Amino acid sequence: MTQAVLVTGGAGYIGAHACKALAKAGYLPVAYDDLSLGHAAHIKWGPHVQGDVRDRAALEAALRAHKAVAVIHFAALSAVGESMAEPARYYDTNVRGTMALLDAMVATGTPHLVFSSTAAVYGEPEKLPISEDAALAPVNVYGRTKLICERMAADYGVHGVKAVALRYFNASGADPDTEIGEKRAAETHLIPRAMMALQGYIHDFQVFGSDFPTPDGTAIRDYIHVTDLAEGHVLALRYLQNGGDPGAFNLGVGHGYSVLEILKAVAAASGREMPAPKGARRAGDPNMLVADPSRARTTLGFEPAHSDLKTIAETAWKWHRIAHPARNDSAPPG
Ligand SMILES: NC(=O)c1ccc[n+]([C@@H]2O[C@H](COP(=O)([O-])OP(=O)(O)OC[C@H]3O[C@@H](n4cnc5c(N)ncnc54)[C@H](O)[C@@H]3O)[C@@H](O)[C@H]2O)c1
């Protein structure tokens, strides 16, 4: 019998890709999403339950109605700058939301949770690449909410919930079939912002900081293709269902690219010149974040297959051409 999995945030960027991967793996993804940031049109592989992740009764009802065997929890607020300006909203959605979900899982006897965590739980790392045993010292409210959720989920082990936290590095790219992709009303991520600038959707694109202690002076991040991330969730779910121990895993590729290297790949994928106006460095932006992904590789069998820079940029561009038809009439066709 097909096993249903409740996917909170299933209408969002990573959640929708995870729903596709779950369906491909034989599960029924039930997207639980209030559509505050996601898109109903991205729910294509199972039913949609419209609800707030802080609504414990609605979560319980959804878990029971679909006889869900597990939960993958993406629903959250995740913009770092916004989290510093509006901490209460972040604690409310991320921490209170996760607690409501854990309580609903306990009430319904749903045993397994895969939780969306982030490299932001490490803060400014002392050593690279970053292993899961590195110090957990987030430098922003967003990272702190995620770390609290990780610990809360682990503590709920006493109440019968087994949780795996997946600490993503930079999610990027889009579904190679172009069925879904990254689309936000207020975009903060580098690749979509660069592409939206090329398409004439934003006019304030900037490179934040050019005095980082890196070879070209711009910040270095580990970019992981969203299709690979999605697959990582299926592997983590199977791992829990096969009796794996709770814990945390980095999902990254193990090497990084600078902002300028990313913009070069965007230019190549789009066939356009990519302007890179210099802006000020943002507070709390680490110099370099690169994962040590060996634990996920050896324990979960995680092997990224789409995360080379060319595939990331090309799938993202293909998606952006559909999601954001050119507004910029003067741009040459790409
Ligand atoms: N994008 C990244 O690079 C990245 C990196 C690390 C971690 N993460 C984590 O991955 C998860 C998904 O990120 P994303 O980039 O897909 O974000 P997203 O904003 O595209 O998706 C979040 C989804 O959650 C839903 N949601 C928000 N608040 C809700 C609420 N109160 N009740 C119900 N649904 C609600 C939104 O409508 C949206 O569909 C988040 O938890 C984020 O913190 C993302």
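Worth saying up front: this structure is predicted, and the values here are computed from it rather than measured. (Residues numbered from 1 in each chain as written. Predicted model: local features only at pLDDT ≥ 70, side-chain atom pairs only at ≥ 80, totals over all residues. Heavy atoms only, no water.)

Student: Explain the sheet that holds strand 11 (residues 247-251) here, please?
Tutor: Whether parallel or antiparallel, the strands of a sheet pair through hydrogen bonds between backbone atoms. In space, the seven strands of this open sheet follow the order 3-2-1-4-5-6-11, with parallel pairing throughout. With partners counted over all chains shown, the strands left at the sheet margins are strand 3 (48-49) and strand 11, one partner each. Alignment of strand 6 (residues 162-168) against strand 11, held across five bridges, turns out to be parallel. Within the sheet, the bridge partner assigned to Ala-165 lies in strand 11 and is Ala-248. Of the strands in this sheet, strand 1 (4-8), strand 2 (28-32), strand 4 (68-73) and strand 6 touch helix 1 (residues 13-24), which is tilted by about 170° from strand 1. Most of the contacts of helix 4 (residues 87-108) go to strand 5 (residues 112-118), to which it runs at about 165°, and overall it touches strand 1, strand 4 and strand 5. (Pairing = 2+ DSSP bridges. Helix = DSSP H or I, 4+ residues; strand = E, 2+ residues; numbered from the N terminus. Contact = heavy atoms within 4.5 Å. Axes fitted to C-alpha atoms, helices over the stretch in contact; angles between N-to-C directions.)

Student: I keep staring at the layout of surface pockets and nothing clicks. Help me out?
Tutor: Remark: the empty space left among the atoms is shown by a probe the size of a water molecule rolled over them. By volume, the second largest pocket is sized at about 350 Å³. Lining the second largest pocket are 20 residues; nearest its centre among them are Ala-21, Lys-24, Thr-227, Glu-231 and His-306. By residue number, the principal contributor to the lining of the second largest pocket is helix 7 (residues 226-241), which donates seven residues. In terms of residue class, the lining of the second largest pocket is made up of nine nonpolar, three polar and eight charged. When residues of the lining of the second largest pocket are assigned to domains, at least three map to each of domain 1 (4-171 + 223-251) and domain 2 (190-221 + 254-323). (1 Å grid on protein atoms, 1.4 Å probe; cavity = no way out; pocket = protein on both sides within 12 Å on 5 of 7 lines; lining within 4 Å. Points joined across faces, edges and corners; volume = space filled by probe spheres on them. Nonpolar A, V, L, I, M, F, W, Y, C, P; charged D, E, K, R; others polar. Domains from an automatic or database assignment.)

Student: Looking at this structure, how should I read unusual backbone geometry?
Tutor: Excluding glycine, residues mostly carry a negative phi; peptide bonds, for their part, are mostly trans. Of the consecutive residues Leu-128 and Pro-129, the connecting peptide bond is found in the cis state with omega at -10°. Looking at the element boundaries, Pro-129 is found in the loop between strand 5 and helix 5 (141-155). A positive phi angle, near 65°, is found at Leu-35, a position not held by glycine. Checked against the element boundaries, Leu-35 lands in the loop between strand 2 and strand 3. Backbone geometry at Lys-67 places phi at a positive 50°, although glycine is not the residue there. Turning to its location among the elements, Lys-67 is positioned in the loop between helix 2 (56-65) and strand 4.

Student: What's the story with the domain arrangement of the chain in this structure? I'm lost.
Tutor: What the domain assignment reports for the chain is domain 1 (4-171 + 223-251) and domain 2 (190-221 + 254-323). Here the C-alpha centre of domain 2 lies 23 Å away from the C-alpha centre of domain 1. With 27 residues of domain 1 at the contact, the number on the domain 2 side is 29 residues. In this assembly, domain 1 packs against domain 2 so that about 2400 Å² is buried in total across both faces, 66% of it on carbon and sulfur atoms. Its largest share of buried area at the contact with domain 2, domain 1 owes to Tyr-223, His-225 and Asp-228, together 31% of the area lost on that side. (Buried area = accessible area lost by both parts, 1.4 Å probe.)

Student: Looking at this structure, how should I read the site of the ligand?
Tutor: Taken together, the neighbourhood of the ligand is formed by 30 residues, with Asp-33, Phe-74, Tyr-142, Lys-146 and Arg-184 sitting nearest. Contacts to the ligand include Asp-52, whose side-chain N or O atom sits 3.2 Å from a nitrogen atom. In the environment of the ligand, a nitrogen atom lies 2.8 Å from a nitrogen or oxygen atom belonging to the backbone of Val-53. For the ligand, whose unbound accessible area comes to 820 Å², protein coverage reaches 96%. Of all the secondary structure elements, the ones that give two or more residues to the shell around the ligand are helix 1, strand 5 and helix 5. Broken down by element, the shell around the ligand gets its largest block of residues, three residues, from strand 5. Residues that form the shell around the ligand fall into these classes: 13 nonpolar, eleven polar and six charged. (Near = heavy atom within 4 Å. Polar contact = N/O pair within 3.5 Å; in protein donor to acceptor, adjacent residues only side chain to side chain. Areas by Shrake-Rupley, 256 points an atom, 1.4 Å probe, with all protein chains shown as cover.)

Student: Any chance you could explain the state of the cysteines here in plain terms?
Tutor: Each disulfide is one covalent bond, formed between the sulfur atoms of two cysteines. Inspection of every chain in the model, using the stated rule, returns zero disulfides. Free of any disulfide, Cys-19 has its nearest cysteine sulfur in Cys-149, 20 Å distant. We classify Cys-19 as buried; its relative accessible area is 5%. (Disulfide = S-S within 2.5 Å. Buried < 20%, exposed > 50% of the residue type's maximum accessible area, 1.4 Å probe, protein only.)

Student: Help me out: how do you make sense of the nonpolar core in this one?
Tutor: The tendency in soluble globular proteins is for nonpolar side chains to be buried side by side. Core analysis: the largest hydrophobic core is formed by 36 residues, its most contacted members being Val-5, Ile-14, Leu-22, Leu-166 and Leu-300. At the level of secondary structure, the elements contributing two or more residues to this core comprise strand 1, helix 1, strand 4, strand 6, helix 7, strand 11 and helix 9 (294-300). Sort the elements by how many residues they give to this core and helix 7 lands first, with nine residues. Residue-level mapping places this core at the junction of two domains, with at least three residues from each of domain 1 (4-171 + 223-251) and domain 2 (190-221 + 254-323). (Core = buried A, V, L, I, M, F, W, Y, C linked by side-chain atoms within 4.5 Å.)

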